[in-house]
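Descriptive analysis of the structure
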There are 2 protein chains.
Amino acid sequence: MKKTSNKKNKIPEPTILRLSAYRRALQDYKEQSAAKFVSSRQLGELANRNASIVRKDLSYFGEYGMPSKGYEIDHLLDQIVNIMNVKQQHAVALVGVGNLGKALLGYPGFKKQGFSIEVAFDNNAIKIGKKIQEIKVRNLKDLPLEVAKREIKISFITVPAVAAQEVANLLVEAGMRAIINFTPARIWVPPKVILRHVDLTRELEVVSYYLGK
Amino acid sequence: MKKTSNKKNKIPEPTILRLSAYRRALQDYKEQSAAKFVSSRQLGELANRNASIVRKDLSYFGEYGMPSKGYEIDHLLDQIVNIMNVKQQHAVALVGVGNLGKALLGYPGFKKQGFSIEVAFDNNAIKIGKKIQEIKVRNLKDLPLEVAKREIKISFITVPAVAAQEVANLLVEAGMRAIINFTPARIWVPPKVILRHVDLTRELEVVSYYLGK
DNA sequence: AGCTGTGAAGTCATTCACAGCC
DNA sequence: GGCTGTGAATGACTTCACAGCT
């Protein structure tokens with residue numbers, strides 16, 4: 001038998017995305033069913049994928065299945081949790097308490113998936129000191145101290161687009177290791193920092209395109 | 001010269017996504033520069049892509065460029081706007097005025113890109129009748145009438161996950177042509193309805209994975 | 001000389017199909 | 001008999017490289 005996780009092989013990003021879908025599907029499934037095992041076909045159905053890709057995705061990381069039985073659900077969940085590095089909660093900082101920032105502060109889905117927004121910043125004096133959903137809004141100037149104190153590695157940028165780059169610089173300066181940019185602005189960070197982009201209008205535009213066909 | 005848009009050739013979805021990025025990049029660029037033309041290389045830089053893919057993407061739809069000059073910015077913008085079918089604003093209905101729903105109602109980015117949330121629904125008596133950002137919250141029961149009256153074709157689902165499928169059914173029944181699901185729930189709609197999914201924790205999970213490497 | 005448009009080549013991801021195991 | 005794990009085959013998307021136009 002092989003000696004588990006081949007860290008050498010590069011994992012396709014789509015695989016990572018599906019892995020998180022499998023995790024959710026399994027969590028839901030566990031609540032609805034008493035089954036101990038799930039086959040690649042079943043899991044595929046739960047996550048809207050075909051069985052082959054499920055097996056291939058999982059096989060990048062190890063041999064978790066048993067011939068003729070499938071995958072033991074609890075074990076597989078543990079493995080995926082490990083792979084995705086969500087065994088413990090991740091603390092997140094949020095910069096920009098406008099409409100979107102407030103919404104993300106109030107969105108329960110993050111915590112459920114293992115991410116908790118621990119601190120929020122703004123530079124608007126009227127907002128500073130207020131509490132949104134139990135989280136006190138702090139002065140942007142205190143960002144370096146706060147994130148150092150709390151060892152926060154991940155930040156959301158939810159400021160207006162024009163300020164996005166400036167905030168990103170601040171975050172990098174403060175030692176942030178990953179940034180998720182919710183603004184439409186394109187920003188640059190040094191390669192050691194993981195940068196991802198959430199674009200809320202993306203799917204709308206795709207829809208618009210297909211409606212025109 | 002060829003006779004423009006080859007509707008037969010299937011367009012890769014990544015192309016559609018990039019097209020919307022090109023549009024934004026061009027809009028921004030227009031505001032900052034007096035240039036009349038842009039080359040595929042320049043546009044690529046603006047949108048973080050390489051020149052080849054820019055040319056390839058545009059070539060699916062026609063021959064918009066001029067040898068040795070590049071693409072005329074205004075003309076290219078018009079063409080992309082046509083392709084993406086965003087010449088006129090699209091009306092959008094929103095179902096579920098919780099945290100996320102409220103945020104989307106207050107998010108100015110949609111209107112800027114040609115989408116305007118025209119009507120919002122909830123089934124919570126306390127919320128019905130209230131106004132959020134100029135939009136009156138209506139009784140979910142009135143959805144069929146309202147969307148018919150306003151000829152709305154696109155809806156956001158921002159209800160709690162457990163109610164997502166039920167709302168989707170309602171929307172399909174009411175003749176909606178496209179649905180954007182902001183809940184983590186996986187939902188089913190008939191194939192004639194365009195279904196897209198926005199998952200706010202997706203990028204967080206990807207980040208978590210890479211932080212663990 | 002500079003830049004587009006596009007076949008051809010190359011790269012990456014998914015699906016097939018089947019040997020091996022329970 | 002049923003299901004995994006995985007090379008091989010296929011398919012999708014991107015990049016290369018260059019002919020042709022201005």
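It should be noted that the structure appears before, not after, this text.
As the structure is a prediction and not an experimental result, all values here were calculated from the model.

**Structural notes on the relation of the copies chain A and chain B**
When chain A is brought onto chain B, the operation consists of a screw motion whose angular component is 180° and whose axial shift is 0.0 Å, with 0.1 Å RMSD remaining. Expressed as an axis order, the relation between the two copies is that of a two-fold axis. Every residue of chain A has its C-alpha some distance from the rotation axis, and the shortest such distance is that of A:A103, at 2.6 Å. Of all interface residues in chain A, 100% are interface residues in chain B too; the two copies therefore contact each other through one and the same surface.

**Observations regarding the interface of chain A and chain B**
Counting residues at the interface gives 55 residues for chain A and 55 residues for chain B. Overall, the association of chain A and chain B removes approximately 5400 Å² of surface from exposure, summing both partners, and the carbon and sulfur fraction of that is 64%. On inspection of chain A and its partner chain B, the count reaches eight salt bridges. Residues A:R196 and B:E203 are paired through a salt bridge, measuring 2.5 Å at the closest nitrogen-oxygen approach. Inspection of the region where chain A meets chain B yields 17 residue pairs in polar contact (both at pLDDT 80 or more). Here the side of chain A that touches chain B is composed, by residue class, of 32 nonpolar, 13 polar and 10 charged.

**Re the packing of helix α9 (residues 202–211) of chain A against helix α1 (residues 13–32) of chain B**
For the pair α9(A) and α1(B), interaxial distance at closest approach is 10 Å and the crossing angle is 115°. Put simply, α9(A) runs roughly perpendicular to α1(B). In the crossing of α9(A) with α1(B), the sense of the turn from one axis to the other is right-handed. Between α9(A) and α1(B), the contacting residues are A:R202, A:E205, A:V206, A:Y209 and A:Y210 on the first element and B:E13, B:I16, B:L17, B:S20, B:R23 and B:R24 on the second. Looking at side-chain class alone, the contact of α9(A) with α1(B) contains five nonpolar, one polar and five charged residues.

**What to know about the protein's contact with DNA strand C**
The immediate surroundings of DNA strand C are formed by 25 residues, with A:R18, B:S40, B:R55, B:S68 and B:Y71 found nearest. Each atom of DNA strand C within 4 Å of the protein belongs either to a base or to sugar and phosphate, the latter forming 61%. In the model, a phosphate oxygen of DNA strand C is placed 3.0 Å from a nitrogen or oxygen of the B:G65 main chain. B:S68 is positioned such that a nitrogen or oxygen atom in its backbone is 3.0 Å from a sugar or linking oxygen of DNA strand C.

Conventions and cut-offs
Residues numbered from 1 in each chain as written. Chains lettered and ligands numbered in written order. Predicted model: local features only at pLDDT ≥ 70, side-chain atom pairs only at ≥ 80, totals over all residues. Heavy atoms only, no water. Least-squares fit on C-alpha atoms with pLDDT ≥ 70 in both. Contact = heavy atoms within 4.5 Å. Buried area = accessible area lost by both parts, 1.4 Å probe. Salt bridge = Lys/Arg side-chain N within 4 Å of Asp/Glu carboxyl O. Polar contact = N/O pair within 3.5 Å; in protein donor to acceptor, adjacent residues only side chain to side chain. Nonpolar A, V, L, I, M, F, W, Y, C, P; charged D, E, K, R; others polar. Axes fitted to C-alpha atoms, helices over the stretch in contact; angles between N-to-C directions. Helix = DSSP H or I, 4+ residues; strand = E, 2+ residues; numbered from the N terminus. Parallel < 35°, antiparallel > 145°, perpendicular 65-115°, else oblique. Left-handed = near helix turned anticlockwise from the far one by under 90°. Near = heavy atom within 4 Å.

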